[in-house]
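Here is what each chain is made of, one letter per residue.
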Amino acid sequence: MIDLPTGLTAGGLTAIVPAAGIGSRMGADVPKQYLPVANKTIIEHSVGVLLRHPAVTQVIVALAPHDDWFERLPVAADPRVLRVEGGAERAYSVLNALQVASADWVLVHDAARPCLCHGDLDALIATAMTCDGAILGSRVRDTMKRTDAAGNIVATVEREQLWHALTPQMFPTARLKRALEEGLALGAIITDEASAMERAGFTVRMVEGRADNIKVTRPEDLALAGLFLSQQA
């Protein structure tokens, strides 16, 4: 564990987990974050790794209005966990959570990304505190192609300096809140928190993280996440 900056240690860090989506590509009877992997639901792993980090003093989970699964999980009883209503899009869920965030810095982590390691979280925190914010990412290793609407390849994209954006993504609370509000008011396309901060003119640093910090989006990802979690254990 790295030595955390004194200001962060004193005030702690709020983690936001947007979990209002349904994950339709999984074809399951429940939202994908409630599917089991390695003896827990996906969201229990994602929230649990945040709660176990000494810098995290609050975890805010943004849930769909009619979500009745989360409250049944043991992690929901942790006094550091707060629930808010999520929105139709990720940006609205994060913005709702920011309204009640208690810390000066927040990190946002995908509910369906259960394999985060504390080493990556340490590196993210250390970097973000020195600039406008930072995100975890993994380098693109495969040859990248661009196609037209019909699926025909039109270009091979140079992969140097290309990254897969991961989570968590960490920013000053007030700046992220303002960036999201301004972007949404103008109808901007906000795919993640970094895109809102970039649009607002802030410099966001990339922190190389582990490639096994995968997001479960398809049925085959469940087995892979289970393998990675067993290796971590």
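A brief look at the structure comes next. (Residues numbered from 1 in each chain as written. Predicted model: local features only at pLDDT ≥ 70, side-chain atom pairs only at ≥ 80, totals over all residues. Heavy atoms only, no water.)

Brief notes about the pattern of salt bridges
Pairing between side chains of opposite charge can happen when the charged atoms of each approach one another.
Moving on, step 1. Scanning all chains against the criterion turns up 9 salt bridges.
Moving on, step 2. With a shortest N-O distance of 3.2 Å, glutamate 208 and arginine 139 are connected by a salt bridge. Here the residue glutamate 208 occupies a position in strand β11 (residues 205–208), and arginine 139 occupies one in strand β7 (residues 134–139), the gap between them amounting to 69 residues.
Moving on, step 3. Residues arginine 210 and aspartate 212 are paired through a salt bridge, measuring 2.6 Å at the closest nitrogen-oxygen approach.
Moving on, step 4. Classification of arginine 210 by relative accessible area gives partly exposed; the value is 40%. (Salt bridge = Lys/Arg side-chain N within 4 Å of Asp/Glu carboxyl O. Helix = DSSP H or I, 4+ residues; strand = E, 2+ residues; numbered from the N terminus. Buried < 20%, exposed > 50% of the residue type's maximum accessible area, 1.4 Å probe, protein only.)

A word on the sheet that holds strand β6 (residues 105–108)
Whether parallel or antiparallel, the strands of a sheet pair through hydrogen bonds between backbone atoms.
Moving on, step 1. Here 7 strands make up an open sheet; going across it, the order is β5-β4-β1-β6-β10-β7-β11 and the pairing mixed. Whereas interior strands pair on both sides, the edge strands pair on one side only; in this sheet they are β5 (81–85) and β11. Looking at each pair of strands side by side, their axes are set apart by 30 degrees on average, direction ignored.
Moving on, step 2. Contacts between helix α3 (residues 90–98) and the sheet are confined to β1 (13–19), β4 (56–63), β5, β6 and β10 (163–172), with β1 contributing the most and set at about 145 degrees to the helix. (Pairing = 2+ DSSP bridges. Axes fitted to C-alpha atoms, helices over the stretch in contact; angles between N-to-C directions. Contact = heavy atoms within 4.5 Å.)

Some remarks on the pairing of β7
Moving on, step 1. Across the 6 residues that make up β7, a large majority, 5, are buried.
Moving on, step 2. Summarising the sheet, β7 and β10 pair through 5 bridges and their orientation is antiparallel. Bridge assignment links alanine 134 to a residue of β10, and that residue is methionine 170.
Moving on, step 3. Note: β7 against β11, 4 bridges, orientation parallel. By the bridge assignment, isoleucine 135 is partnered in β11 with methionine 206.

Observations regarding the side chain of aspartate 110
Moving on, step 1. Within the fold, aspartate 110 resides in the loop between β6 and α4 (118–128).
Moving on, step 2. A residue is classified by how much of its surface remains accessible, and aspartate 110, at 5% relative accessible area, is buried.
Moving on, step 3. Reaching out from aspartate 110, the side chain makes a polar contact with the side chain of arginine 90 at a distance of 2.7 Å.
Moving on, step 4. Among all residues touching aspartate 110, those that are not within four sequence positions of it are Val17, Ser46, Arg90, Thr167 and Lys215. (Polar contact = N/O pair within 3.5 Å; in protein donor to acceptor, adjacent residues only side chain to side chain.)

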